[in-house]
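If you want the building blocks of each chain, they are given just below.
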Amino acid sequence: MKPGHFAPRGDLPDADLRSASVIDADDVAALLSELGYPCSEAEARERIRAVTANDRQALVLARSGGRVCGLIALDFMYYLPLGTTTCRITALVVTSTAQGHGLGRQLLKEAERRARFGGAARLELSSGSQRADAHAFYQACGFSDGTLRFIKRLGDA
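Residues numbered from 1 in each chain as written. Predicted model: local features only at pLDDT ≥ 70, side-chain atom pairs only at ≥ 80, totals over all residues. Heavy atoms only, no water.

1. Considerations on the pattern of salt bridges
- For the coordinates displayed, the defined rule picks out 8 salt bridges.
- Among the salt bridges present, the one from Glu46 reaches Arg49, with a minimum N-O distance of 2.7 Å. Residue Glu46 and its partner Arg49 are located together in helix α2 (residues 41–52), separated by 3 residues, close to a single helical turn.
- For Glu46, a relative accessible area of 48% gives the class partly exposed.
- Residues Arg88 and Glu124 are paired through a salt bridge, measuring 2.5 Å at the closest nitrogen-oxygen approach. Taken together, the positions of Arg88 in strand β4 (residues 84–94) and Glu124 in strand β5 (residues 122–125) put the pair 36 residues apart, joining distant regions of the chain. (Salt bridge = Lys/Arg side-chain N within 4 Å of Asp/Glu carboxyl O. Helix = DSSP H or I, 4+ residues; strand = E, 2+ residues; numbered from the N terminus. Buried < 20%, exposed > 50% of the residue type's maximum accessible area, 1.4 Å probe, protein only.)

Shown next as structure tokens:
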């Protein structure tokens, strides 16, 4: 296997993918917390409501073996420099116990499917500079380095 190539270990059947709803708040809170963004169940309910109220966003959950084990969040936006729509992945997380079994790839394929269906010209994501393993995974899935992202915090977020 080539360095940086991530092959699924198997063992995890294709997950059932579906749009999230407020009844999934406990699972969404746990997944966001695992990603490093602590979130209460009440906060997750509000976040799910915000996503589902916006027809330019999507929140997809992955369930396997009777458990929610991953999510991906999408945001469709008009991108002025290209004069077209871009789909941005704003969150992608797979539980530590489900990692390495192809679930992340399945979620990325779903994101690409939805992006194409939504008329997006490209699919993009940002990832913290400290997440070297994630960067290698994204590159193995066909993503390339894009631009540097600069952030100026205007509050606690």
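2. Looking at helix α1 (residues 25–35)
- Residues Ala25, Val28, Ala29, Leu31, Leu32 and Leu35 constitute the buried set of α1. Along the long axis of α1, the arc covered by the buried residues comes to 165°, so they all point the same way.
- As for α1, its buried residues are in contact with α2, β2 (57–64), β3 (67–79) and β4.
- A positive backbone phi angle near 105° is found at Gly36, which sits one or two residues after α1. (Arc of directions from axis to C-beta. Contact = heavy atoms within 4.5 Å.)

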